[in-house]
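Overview (structure and organization)
In case you want the letters, here they are:
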Amino acid sequence: FARMFVQVCLYFYCKCLWRCLKFVVRKLTGQCELQRICYNTKPGAARTMKIEASLKGSKSKRLQTSVNVHPDAIEKTIDDIMELKRINPDINPQLGVSLQACLLQIVGYRNLIAEVEKLRREPYDSDNSQHEEMLLKLWKCLKPNSPLQARISKQWCEIGFQGDDPKTDFRGMGLLGLYNLVYFAEWDTEVAQRVLSDSLHPKYREVTKKELSHLSKAEWEKKKFDKAIGYSFAIVGINITDLAYNLLVSGALKTHFYNVAPEAPTLTHFQQTFCYLMHEFHKFWIDEDPFDIMEFNRVREKFYKRILKQLQNPEMALCPHFAASESLINM
């Protein structure tokens, strides 16, 4: 009964009291909610997410559907919003600019999900010359000094595939997994090659002073020769693609993308985020120092939760060095 009572109160608050409160605030300030958000919140995720919530929660169908318009219709949509809210664009010229930037991000995020989903659903086709070229590019970027002897070869295991034909490993993430791996290897080559090397040749783990103080002599003798556990680079890359995909479709990456993309986030932003996640997961794996590869799922889940927690901060940008060269315009 108590739970039902609370739910009824929340429903009443959301449907009635909240709208009344907004009406009173507008009368007192002379500004609608969209104006207050744009004028009082700096550009980035905090502003865009508030604008998105305001539009979706509006009682007006025109405002609710404004977050789903085609990018080419955004300017007209802004005009409709200004008209509906009875805002004079001549007196409030900056409001239209700010709303346009927010809508570009909101609509762009939705379109990015569709683009990523399309790649994920497209299977790798060995009869497709473009697919084959991308796969060979991956090898050349990661192993430039080791020519591939044949298309079907055990050499593929050297970069972390499970067998002699990598196409079977792309079943879970389709072309998306290949696109991400190639982007990482081509545009962040030095880091990708180093991560690959470390995954194949794990270094001896370093025992910290804190650990040393709790180890007996026998344990120390054992630990100092204990090597970190390696992993299959390509397989982990496909797995991290799945992690990035889940962050995207759940909406968790809105915080990051709304902070680094001044307008619509693109596939390139997603691939740059994948590069960051690969690099960070590698460091996280070394720090976790798992006993064997069977602990991969545990480490991955812990890493996933850490990223989710970071993304709860509205000012969070996972990889600011990948952001647009110019800072967000103060709109």
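Look a little higher up for the structure.
Overview of the structure. Everything quoted here is computed from the prediction, not taken from an experiment. (Residues numbered from 1 in each chain as written. Predicted model: local features only at pLDDT ≥ 70, side-chain atom pairs only at ≥ 80, totals over all residues. Heavy atoms only, no water.)

When helices and strands are counted, the chain shows 15 helices and zero strands. Scored against the burial criterion, the 331 residues of the chain give a buried share of 43%. Looking at the chain alone, contacts between residues at least 24 apart form 68% of all its contacts between residues at least 6 apart. Roughly 18800 Å² of accessible area belongs to the chain as shown, and the carbon and sulfur atoms make up 55% of that amount. (Helix = DSSP H or I, 4+ residues; strand = E, 2+ residues; numbered from the N terminus. Buried < 20%, exposed > 50% of the residue type's maximum accessible area, 1.4 Å probe, protein only. Contact = heavy atoms within 4.5 Å. Areas by Shrake-Rupley, 256 points an atom, 1.4 Å probe, with all protein chains shown as cover.)

Once that is clear, we can look at the pattern of salt bridges. Considering all chains together, one arrives at 17 salt bridges under this definition. For arginine 151, the salt bridge is made with glutamate 132, and the minimal N-O distance between the two is 2.7 Å. Of this pair, arginine 151 sits in the loop between α7 (129-142) and α8 (174-187) while glutamate 132 is found in helix α7, placing the two residues 19 residues apart along the sequence. The salt bridge partner of arginine 306 is glutamate 280, with a shortest N-O separation of 3.7 Å. Here arginine 306 is found in helix α15 (residues 296-311), whereas its partner glutamate 280 is found in helix α14 (residues 267-288), with 26 residues between them in sequence. With a relative accessible area of 32%, arginine 306 lands in the partly exposed category. Members of the salt-bridge network, linked through shared partners, are Glu288, Glu295, Arg298 and Lys302. (Salt bridge = Lys/Arg side-chain N within 4 Å of Asp/Glu carboxyl O.)

Another aspect to go through is the nonpolar core. Judged by nonpolar contacts, the single largest core of 85 residues is most densely connected at Ile51, Leu138, Leu178, Leu247, Phe270 and Leu277. Among the elements that take part in this core, helix α6 (residues 93-121) stands out by supplying eleven residues, more than any other. Taken together, domain 2 (31-121) and domain 3 (129-312) each give at least three residues to this core, which thus spans both. Beyond its immediate stretch of four places on either side in the chain, phenylalanine 270 contacts Leu112, Val116, Leu176, Asn180, Ala244, Tyr245, Leu248 and Phe257. (Core = buried A, V, L, I, M, F, W, Y, C linked by side-chain atoms within 4.5 Å. Domains from an automatic or database assignment.)

The topology assignment puts arginine 86 in the loop between α5 (74-84) and α6. On the basis of relative accessible area, arginine 86 is assigned to the exposed category, the value being 77%. C-alpha separation for the pair arginine 86 and cysteine 32, spaced 54 residues apart in sequence, amounts to 9.3 Å.

Moving on to unusual backbone geometry. Although it is not a glycine, arginine 86 adopts a positive phi angle of roughly 55 degrees. Although it is not a glycine, aspartate 289 sits at a positive phi angle of roughly 50 degrees. Mapped onto the secondary structure, aspartate 289 falls in the loop between α14 and α15. The class of aspartate 289 is buried, set by a relative accessible area of 16%.

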